[in-house]
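# Inside the fold
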Amino acid sequence: MDVPKELEKVIEITREQNKWRRTETINLIASENVMSPLAEAVYMSDFMSRYAEGKPYKRYYQGTKYVDEIETMTMDLINEITPSKYSDLRATSGTIANAAVFRVLANPGDKALITRVQAGAHVSHTKYGTLGALGIEHIEMPFDVDKMNVDVDKAVKMIEEIKPKFVVLGASLFLFPHPTKELADAAHSVNAKLVYDTAHVYGLVVGKVWPNPLEDGADVVTASTHKTFPGPQGGLLVTNDEELYKQVSRTIFPWFVSNHHLHRLPATAVTAIEMKYFGRDYASQIVKNAKALATALVERGFKVIAEHLGFTKSHQIAVDVKNFGGGAKVAKMLENVNIIVNKNLLPYDLPEAVNDPSGIRIGVQEMTRYGMKEGEMEEIAELMKQTVEGKNPEEIKRKVLELRSKFLDVKYTFNVDLKSSKTIPLII
Ligand SMILES: Cc1ncc(COP(=O)(O)O)c(C=O)c1O
């Protein structure tokens, strides 16, 4: 039989995606990253076809001895690098990790305090998303736009007055560490728990450039495994609280996942090992690059948020692009020259502005992983300036391709020969 047209189409789309986003674009989406070739190699394994409901060594299926081994090893590695006492990797995304935690901590009708939506609360923290699906009411904590952070004094008062079941810190627009200690103390004084969502910054926590929320009093930390932590798409949670851990573990399965997509496990383990050895260098270069890009953009007339605070302590910067036509228009113009960012609400936008907010959000973690440093940030800023000024897009795109072509290999990983006879049986 001839190869059907639709099959050819699937292969062609996949090939085009790989070529475009892997080799031709400057990827600055703050929630994305790339795995190393090593992690990708172990990702493509027989684990992807298997089931292992339950916890290691207590499964509802046979044939899971290697799943048990790799899952236990990965949990141990995560506990070592966070550091934490207990971890669970079965949430298939950060949202699912949040769902399991929120479900344990509150019942329908209960209240949770979250950061302000425009200031970066993730949809899963809100009544529009996971919290709403669980029937838990969200109440936004006051935000201090000048400090680009939760307003500590007002939030403490609010916690004492409202007595929520839990407080959520962590955000999707996340420039500065949230005041964990103060809010954890306030939460604990009214018997509430503090959940800290490190989806964006987990790699920075592991790399020791962002505080470990567990050390500052957070009861449980959730994360994605694919943003600043450059692993396969997935979720995790860590805690030092044994009782809470047991409750959440009983909730992830069977309430939120059945099969937990086992091919994530060896790839997450490889990434955890890479982060154990290279995480500090990688994370500190990320923050240096974010600051360098912000500075270079300001020098070129962009309004980068929080200049008076040094712009950022994370992988992200936020730019107010109202003067250049707004977030939607600028993100589109940049995509047109192969620079990929997303439009983003800024804390002073109205929530209704979500489709055309004032800002764009930029994350440098992926380009840092490909080895870019401060000099390249300067070049990117220049290309962005030329783009918003309406200079010839074809000419700018050519320069983008040229810059990107010099950064195609993932750094901060081990140089293992995947074709050697020892390693090839790993790869299907
Ligand atoms: C703060 C925060 N939490 C949770 C998530 C959800 O993560 P996932 O996409 O892994 O479900 C995101 C996604 O970007 C996020 O920004």
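Residues numbered from 1 in each chain as written. Predicted model: local features only at pLDDT ≥ 70, side-chain atom pairs only at ≥ 80, totals over all residues. Heavy atoms only, no water.

This part is about the pattern of salt bridges. One pass over the full model with this rule turns up 24 salt bridges. The closest approach of N and O atoms between K19 and E24, which form a salt bridge, is 3.1 Å. Assessed through its relative accessible area of 42%, K19 is described here as partly exposed. The buried category is assigned to E24, whose relative accessible area is 18%. The partner of E395 in a salt bridge is R398, and the shortest N-O contact between them spans 2.9 Å. Of this pair, E395 and R398 both sit in helix α14 (residues 393-405), separated by three residues, roughly a single helical turn. Several salt bridges share partner residues, and in doing so they unite K55, D88 and R90 into one network. (Salt bridge = Lys/Arg side-chain N within 4 Å of Asp/Glu carboxyl O. Buried < 20%, exposed > 50% of the residue type's maximum accessible area, 1.4 Å probe, protein only. Helix = DSSP H or I, 4+ residues; strand = E, 2+ residues; numbered from the N terminus.)

Right, let's get into the packing of helix α1 (residues 5-24) against α14. Between α1 and α14, whose axes approach to 9 Å, the crossing angle comes to 80 degrees. Our classification of the angle between α1 and α14 gives roughly perpendicular. Residues R21, R22, T23 and E24 of α1 pack against V400, L401 and R404 of α14. Along the lines of polarity and charge, the residues of the contact of α1 with α14 split into two nonpolar, one polar and four charged. (Axes fitted to C-alpha atoms, helices over the stretch in contact; angles between N-to-C directions. Parallel < 35°, antiparallel > 145°, perpendicular 65-115°, else oblique. Contact = heavy atoms within 4.5 Å. Nonpolar A, V, L, I, M, F, W, Y, C, P; charged D, E, K, R; others polar.)

How big an interface is tends to be expressed through the accessible area that disappears when the partners come together. Domain parsing of the chain yields domain 1 (28-35 + 279-405) and domain 2 (40-271). Here the C-alpha centroids of domain 1 and domain 2 sit 27 Å apart. Contacts between the two partners involve 36 residues from domain 1, matched on the other side by 31 residues from domain 2. Of the roughly 2,500 Å² buried where domain 1 meets domain 2, counting both sides, 69% is carbon and sulfur surface. Of all residues in domain 1, M35, K313 and P347 bury the most surface against domain 2, accounting for 28% of the area lost on that side. Put simply, domain 1 and domain 2 have 13 residue pairs in polar contact (both at pLDDT 80 or more) between them. It is helix α10 (residues 264-299) that contributes the most residues to the side of domain 1 that touches domain 2, seven residues altogether. Residues belonging to the side of domain 1 that touches domain 2 are distributed by class as follows: 19 nonpolar, 11 polar and six charged. (Domains from an automatic or database assignment. Buried area = accessible area lost by both parts, 1.4 Å probe. Polar contact = N/O pair within 3.5 Å; in protein donor to acceptor, adjacent residues only side chain to side chain.)

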